[in-house]
Amino acid sequence: MFFSICRNFWAGFCNGYFSKSSYYLPRRTFVSHLAKSHSPIDRNWKSILYTSYSTSYSPFPRLFTHEMHGLKRWQPIRYISNALVTVDTSYGVARFCLGKPAEKLKIQPKGMQKVKKKMSRKQKLNELKWYRLKAKKKMKSPNPEVRIRYKLEKAKRKEEWLIEKLQKFEMPKAPESEHDPEILTEEEKFYLKRTGEKKKNYVPVGRRGVFGGVVLNMHLHWKKHETVKVICRPCRPGQVNEYAKELTRLSKGTVIDIKMDNTIIFYRGKNYVQPKIMSPLDTLSKQKALDKYKFEQSLEHTGQFIEKLEKELEDYHKHVAMYKNLEPILSKSSTTTEQYS
């Protein structure tokens, strides 16, 4: 059975395709000749033949001279398909593919992802030079508005950067443990105040503000003394009360008195027990506290500078508006003077 099918197929193929005529057979006649020689089992070849083969994207223009709906003499039937054979030359590589090329479908082949080229040192320097020259032009511009706006934009960028930096120094507050402040009589407060003033032991709170080292020093002083003085310098007006609240929360001490010279007297308590961790976990270290102070100071000065520039820009706009209103009056006066002269 198998051999008879093959024999019939080959005979039909030869009759239909390898004809003695010098021209190619039309599609319909070719398909009809081939279908007659086929057995009913081999009818599936008929569906394959109804295909269109285009050579518009072919890399061999001499071999594929025109578009043909049938088969060519040298082309075997088993290579026929419904897809369009194209050559994809994207990304510097030639690939044969079925259907549309990868560029049209916007599909990037694997292993061919775009890699950002690393800039050389010379390129980076050239880019920096270009930015510096651009900034110089704005700084030396004859128009005062351009100069003010450049400074204002630069100051605002710096302000945003400083705020981002300060957010890193924000420490999450630890859950507060139960603290029962001791009730002191007026006589006890007076006695503790006098003893705190007479004694020389003190803890300084400088530009770093309240950090772990300040609380540690207070506990070390409370080993031998009931009271300790906390001297806050430099200190803005009203900042002493903030320091007093923060130190009361961290050290669990009691504020006895706040003096005019920014000095706070703390009492350790009657049932004082030295904690195992004297420096609280939710406080900054000495170096971090100093960095935070520098950023805060820079942010304060930047804010003042921005206010100054905004005022300058507003004054400039007022001056321009005033000059525009006075311009027709000045032009009239100049014409009258010329007439008299």
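Below: a short report on this structure. Values in this document were obtained by computation on a predicted structure and should not be read as measured data.

### Things to note about the overall build of the chain
When you go through the chain residue by residue, the secondary structure sums to ten helices and six strands. Buried positions account for 27% of the 341 residues belonging to the chain. Partitioning the contacts of the chain with sequence separation of at least 6, the portion at a separation of at least 24 is 64%. Surface accessibility of the chain: about 26,000 Å² in total, with carbon and sulfur atoms responsible for 56%.

### Quick word on the layout of surface pockets
To find the voids left in a structure, one rolls a probe of water-molecule size over its atoms. Taken as a whole, the largest pocket holds about 920 Å³ of empty space. The wall of the largest pocket is formed by 28 residues, among which Gly 209, Gln 239, Tyr 243, Lys 292 and Glu 296 lie closest to the centre. Contributions of two or more residues to the lining of the largest pocket are made by α9 (239-251) and α10 (286-340). Counting residues per element, the lining of the largest pocket draws most heavily on α10, at seven residues. Of the residues in the lining of the largest pocket, the class split is ten nonpolar, six polar and twelve charged.

### Observations concerning the pattern of salt bridges
Should their charged atoms come close, side chains of opposite charge can pair. As enumerated under the stated definition, the model contains seven salt bridges in all. Between Lys 193 and Asp 257 there is a salt bridge, with its nearest N and O atoms 3.7 Å apart. Of this pair, Lys 193 sits in helix α7 (residues 186-198) while Asp 257 sits in strand β5 (residues 254-258); the two residues are 64 residues apart in sequence, bridging distant segments of the chain.

### Things to note about the environment of Lys 270
Within the secondary structure, Lys 270 is located in the loop between β6 (263-267) and α10. For Lys 270 and Glu 226, which are 44 residues apart along the polypeptide, the C-alpha to C-alpha distance reads 8.7 Å. In this structure, Lys 270 is in contact with Glu 182, Leu 184 and Glu 188, ignoring residues within four places of it in sequence. Within the structure, Lys 270 has its side chain in polar contact with the side chain of Glu 188 (distance 3.4 Å).

### Here we look at α9
Its 13 residues place the ends of α9 18 Å apart at the C-alpha level, agreeing with the 18 Å of an ideal helix rising 1.5 Å per residue. All of the buried residues along α9 are Gln 239, Val 240, Tyr 243, Ala 244, Leu 247, Arg 249, Leu 250 and Ser 251. Structurally, α9 contributes buried residues whose contacts are with β3 (202-205), α8 (212-221), β4 (227-232), β5 and β6. A positive backbone phi angle near 60° is found at Lys 252, which sits one or two residues after α9.

### Examining the pairing of β3
Only one face of β3 is covered, namely the one carrying Val 203 and Val 205; the face carrying Tyr 202 and Pro 204 has none of its residues buried. Handedness of the crossover joining β3 and β4 through α8 is recorded here as right-handed.

### Overview of a positive patch on the surface
A grouping of Lys 134, Lys 138, Lys 154, Arg 157 and Lys 158 is seen on the molecular surface, where their side chains present a positively charged patch. Those elements giving two or more residues to the positive patch turn out to be α5 (121-139) and α6 (144-167). Of the residues forming the positive patch, the biggest block, three residues, is contributed by α6. By the element assignment, Arg 157 lies in helix α6.

### Things to note about the packing of α8 against α9
At a minimum axis distance of 10 Å, the contact between α8 and α9 shows a crossing angle of 65°. Remark: the crossing between α8 and α9 carries right-handed chirality. Listed contacts from α9 to Val 214, Val 215, Met 218 and His 219 of α8 are Leu 247, Leu 250 and Ser 251. Looking at the contact of α8 with α9 residue by residue, the classes come out as five nonpolar, two polar and no charged.

### Overview of the packing of aromatic side chains
Enumeration according to the criterion identifies four aromatic pairs in this entry. Between Phe 169 and Phe 295 the ring centres are 6.0 Å apart and the planes differ by 40°, which places this aromatic pair in the tilted class. Of the two residues, Phe 169 sits in the loop between α6 and α7 while Phe 295 sits in helix α10, which places them 126 residues apart along the sequence. Among the residues examined, Phe 169 registers a relative accessible area of 12% and is labelled buried. Aromatic pair Trp 222 and Tyr 272: ring centres 5.7 Å apart, planes at 70°, arrangement edge-to-face. Within this pair, whereas Trp 222 is found in the loop between α8 and β4, its partner Tyr 272 is found in the loop between β6 and α10, the two being separated by 50 residues in sequence. Chaining the aromatic ring pairs together yields one cluster made of Trp 161, Phe 169 and Phe 295.

### A short note on the pairing of β4
Burial of β4 is extensive: six of the six residues sit out of reach of the surface. Judged by which residues are buried, β4 turns out to be covered on both faces: Thr 227, Lys 229 and Ile 231 on one side and Val 228, Val 230 and Cys 232 on the other are all buried. Two strands pair when backbone bridges link them, and β3 and β4 are joined in this way by four bridges, in the parallel orientation. The residue bridging Pro 204 from the neighbouring strand is Ile 231, located in β4.

Rules behind the numbers
Residue indices follow the written sequence of each chain, beginning from 1 at its first position. Totals for whole chains, interfaces and linings use all residues, but because this is a predicted model, local features are given only for residues with pLDDT of at least 70 and pairs of side-chain atoms are given and counted only at 80 or more. Hydrogens and waters are ignored; side-chain quantities use all the structure's heavy atoms. Elements are defined by DSSP. Helices are runs of H or I of four residues or more, strands are runs of E of two residues or more, and each kind is numbered from the N terminus. The cut-offs for exposure are 20% and 50% of the maximum accessible area for each residue type, with area from a 1.4 Å probe on protein chains only; residues under the lower value are buried, those over the upper are exposed, and the others partly exposed. Two residues qualify as a contact provided that any one of their heavy atoms is within 4.5 Å of a heavy atom in the partner residue. Method for areas: the Shrake-Rupley scheme with a 1.4 Å probe, in which residue coverage is limited to the protein chains shown. The definitions used throughout rest on a 1 Å grid laid over the protein atoms alone, on which a cavity is an enclosed set of points accommodating a 1.4 Å probe that cannot get out and a pocket is an open set flanked by protein within 12 Å on both sides along at least five of seven lines; lining residues are those having an atom within 4 Å of a point. Grid points are joined across faces, edges and corners, and a volume is the space filled by probe spheres set on the points. For this scheme, ten residues count as nonpolar: Ala, Val, Leu, Ile, Met, Phe, Trp, Tyr, Cys and Pro. Four count as charged, namely Asp, Glu, Lys and Arg, and the remainder, Gly too, count as polar. Salt bridges are identified by distance alone: a Lys or Arg side-chain nitrogen within 4 Å of an Asp or Glu carboxyl oxygen. We call two N or O atoms a polar contact when they sit within 3.5 Å, provided that within protein one can donate a hydrogen and the other can accept it, with sequence-adjacent residues counted only if both atoms are side-chain atoms. Given a helix with a known number of residues, its expected span is that number minus one, times 1.5 Å. The crossover handedness rule: strands pointing away from the viewer, path from first strand over the helix to second strand clockwise, crossover right-handed. Patch members must show over 30% relative accessible area and no salt bridge, and they are joined within 9 Å when carrying like charges or within 5 Å when they are nonpolar side chains of Val, Leu, Ile, Met, Phe, Trp or Tyr. His residues and chain termini do not enter the charge count, which takes Lys and Arg as positive and Asp and Glu as negative. Lysine's charge is taken at NZ, arginine's at CZ, aspartate's at CG and glutamate's at CD. To obtain an axis, a line is fitted to C-alpha atoms, over the contacting stretch when the element is a helix, and the angle between two such axes runs from 0 to 180 degrees between their N-to-C directions. Each helix crossing is assigned a hand: it is left-handed if the near helix lies turned anticlockwise from the far helix by less than a right angle, otherwise right-handed if that turn is clockwise. Note on ring pairs: Phe, Tyr and Trp rings are taken, using the six-membered ring of Trp, and paired if centres are within 6.5 Å. Classes follow the plane angle, with under 30 degrees stacked, over 60 edge-to-face and the rest tilted. The pairing criterion for strands is at least two bridges between them, as found by DSSP.

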